Amino acid sequence: MRVLLAEDDRRIANFIIKGLREEGYVVEHVLDGESAIEFALAEPDYPFDIIILDVMLPKRDGMTVCRELRTRGLRGPVLMLTAMSNLDDRVRGLDSGADDYLVKPFAFPELLARLRALGRRVPTAVSTSLLQIGNLTLNTQLRTAKRADRTIELSTREYQLLEYLMRQAGKPVSRTILLQAVWGYDYDGASNVVDVYVGYLRRKIDADPQAIPLVHTIRSVGYKISENP
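Source: prediction; values computed, not measured.

## Focus: the packing of helix α6 (residues 156-167) against helix α8 (residues 193-205)
Then, in step 1: Running from N to C, α6 and α8 point in directions that differ by 80°, and their axes come no closer than 10 Å. On the basis of the axis angle, α6 is roughly perpendicular to α8. Note on element contacts: α8 touches α6 through Tyr-197, Val-198, Tyr-200, Leu-201, Lys-204 and Ile-205, opposite Arg-157, Glu-158, Leu-161, Leu-162 and Leu-165.
Then, in step 2: Of the residues contributing to the contact of α6 with α8, the split by class is eight nonpolar, no polar and three charged.

## Things to note about the pairing of strand β11 (residues 215-218)
Then, in step 1: Relative to strand β12 (residues 222-225), β11 runs antiparallel, the two being bridged by four bridges. Looking at the pairing, Thr-217 lines up with Tyr-223 of β12.
Then, in step 2: With antiparallel pairing between neighbouring strands as the criterion, β11 and β12 make up a hairpin whose turn holds three residues, including Ser-220 at a positive phi of roughly 65°.

## Describing the environment of Phe-48
Then, in step 1: Its place among the elements puts Phe-48 in the loop between α2 (33-42) and β3 (50-54).
Then, in step 2: As for Phe-48 and Val-3, which are separated by 45 residues in sequence, their C-alpha atoms are 5.6 Å apart.
Then, in step 3: Excluding residues within four positions of it along the chain, Phe-48 makes contact with Arg-2, Val-3, Leu-4, Glu-28, Phe-39 and Ala-40.

## Comments concerning the sheet that holds strand β8 (residues 144-147)
Then, in step 1: Strands sit in the order β6-β7-β8-β9 across an open sheet of four strands; the sheet is antiparallel. Where the open sheet ends on each side, the last strands, each with one partner, are β6 (130-133) and β9 (150-152). The sheet shows a mean angle of 20° between the axes of neighbouring strands, direction not considered.
Then, in step 2: Pairing analysis gives four bridges linking β6 to strand β7 (residues 136-139), with the strands arranged antiparallel. Pairing of Gln-132 across the sheet is with Thr-137, part of β7.

## Concerning the packing of aromatic side chains
Then, in step 1: For the coordinates displayed, the defined rule picks out three aromatic pairs.
Then, in step 2: Considering the side-chain rings of Phe-15 and Phe-106, the 6.4 Å spacing of their centres and the 45° angle between planes classify their relative orientation as tilted. With Phe-15 in helix α1 (residues 10-22) and Phe-106 in the loop between β5 (100-103) and α5 (108-121), this residue pair connects regions lying 91 residues apart in the sequence.
Then, in step 3: Given the relative accessible area of 14%, Phe-106 is considered buried.

## Topic: the environment of Lys-224
Then, in step 1: For Lys-224, the position within the fold is in strand β12.
Then, in step 2: Residue classification places Lys-224 among the buried positions, given a relative accessible area of 11%.
Then, in step 3: Considering only alpha carbons, one finds Lys-224 and Leu-214, 10 residues apart in sequence, at a separation of 8.2 Å.
Then, in step 4: Beyond its immediate stretch of four places on either side in the chain, Lys-224 contacts Gly-170, Lys-171, Pro-172, Leu-214, Val-215, His-216, Ile-218 and Pro-229.
Then, in step 5: At a separation of 3.3 Å, a polar atom in the side chain of Lys-224 contacts the main-chain carbonyl oxygen of Pro-229.

Quick notes on the rules
Residues numbered from 1 in each chain as written. Predicted model: local features only at pLDDT ≥ 70, side-chain atom pairs only at ≥ 80, totals over all residues. Heavy atoms only, no water. Axes fitted to C-alpha atoms, helices over the stretch in contact; angles between N-to-C directions. Helix = DSSP H or I, 4+ residues; strand = E, 2+ residues; numbered from the N terminus. Parallel < 35°, antiparallel > 145°, perpendicular 65-115°, else oblique. Contact = heavy atoms within 4.5 Å. Nonpolar A, V, L, I, M, F, W, Y, C, P; charged D, E, K, R; others polar. Pairing = 2+ DSSP bridges. Phe/Tyr/Trp six-rings, centres within 6.5 Å; stacked < 30°, edge-to-face > 60°. Buried < 20%, exposed > 50% of the residue type's maximum accessible area, 1.4 Å probe, protein only. Polar contact = N/O pair within 3.5 Å; in protein donor to acceptor, adjacent residues only side chain to side chain.

Shown next as structure tokens:
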């Protein structure tokens, strides 16, 4: 499941990102409201499954962001985070278009439970649950992968990497972007963790020598998943 997190407190953001990635979520993080709008609307064909918005964001606050996204046609689930716990603030957040509201500080299991509940009850969240390239399919709700009739067993990190690449189908994705999206740290030129895990995926996805290879290396750039080299 792909999540956009808009949170300017880096300590809280790192706590959420680490926890969500350990649970298998693919997380994109932005620090202000304008970036939240830009990221949320950047890929209309592959929208985020859930957006987590802090209320007190720089540039544009979370409620303004939520209203803007709804006005511009985004119908996916939005969870609002805030340190303001009075009733009027919660009502304003929900009236701005949010689907749920979580008051800081919160327990991480409660955040996970709310995300699961939003994923179950909001119809638009199901629209991106099945990704397909050729005869390779990925169910992002069940977190299962198949190529033709063959089930592919994936570790949590392999799954996250495959989901990210499939959401960018046909587009070259750099190692730097993959490290940030899947592992959550800045690129270290000495690290070959991306290459190692792409190798794992390639051996599992392209195991049949008679099948069209789907995992491709883009020289000097990174990798892509596509039916075309």
